[in-house]
Amino acid sequence: PWASTSSNITVAANDRYFVDTSGGAKTITLPASPQTGDQISLLDLAGTFDTNNLTIARNSLKIMGATADLVVSTENSGIQLVYTGSAQGWKLTQNF
């Protein structure tokens, strides 16, 4: 099942969230100790990621092989990430 949040939170492995940024930019922090194959899905609930960005905080692990947080700034977007291991970290499996 999907849960909803309008707060800054740390997600757990295989969580799925509708994220509401209508009240301001939000930060979702990825798990600190994921297992290979763990997934996270996030969806722009209010269609406001373009005006109030969603930051996906890497929690010291890589995202797409980079040591930087991921900022989502596309209205009505959805992101699905899978953890691939320490070399590449979290990789996009879907960007819709």
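Residues numbered from 1 in each chain as written. Predicted model: local features only at pLDDT ≥ 70, side-chain atom pairs only at ≥ 80, totals over all residues. Heavy atoms only, no water.

Enquirer: Help me understand the nonpolar core in this model?
Expert: One broad trend across soluble globular proteins is that nonpolar side chains are buried collectively. One finds Leu30, Leu42, Leu54, Ile56 and Trp90 to be the most contacted residues of the largest nonpolar core, which totals 18 residues. Elements with a minimum of two residues in this core: β3 (16–19), β5 (39–44), β6 (54–57) and β8 (78–83). For this core, the element with the highest residue contribution is β8, accounting for 3 residues. With residues near it in sequence (within four places) discarded, Leu30 still touches Thr10, Val11, Ile40, Ile56, Ala57, Arg58, Asn59, Ile63, Leu81 and Trp90. (Core = buried A, V, L, I, M, F, W, Y, C linked by side-chain atoms within 4.5 Å. Buried < 20%, exposed > 50% of the residue type's maximum accessible area, 1.4 Å probe, protein only. Helix = DSSP H or I, 4+ residues; strand = E, 2+ residues; numbered from the N terminus. Contact = heavy atoms within 4.5 Å.)

Enquirer: What should I look at first to understand the sheet that holds β3 in this one?
Expert: In space, the 5 strands of this open sheet follow the order β1-β3-β5-β8-β9, with mixed pairing throughout. Every other strand in the sheet has two partners, leaving β1 (3–5) and β9 (90–95) as the edge strands with one partner each. Strand-to-strand twist across the sheet, computed as the mean angle between neighbouring axes with direction ignored, equals 25°. Taken together, the 3 bridges between β1 and β3 define a ladder with parallel strand orientation. Opposite Ala3, over in β3, you have Tyr17 as the bridge partner. (Pairing = 2+ DSSP bridges. Axes fitted to C-alpha atoms, helices over the stretch in contact; angles between N-to-C directions.)

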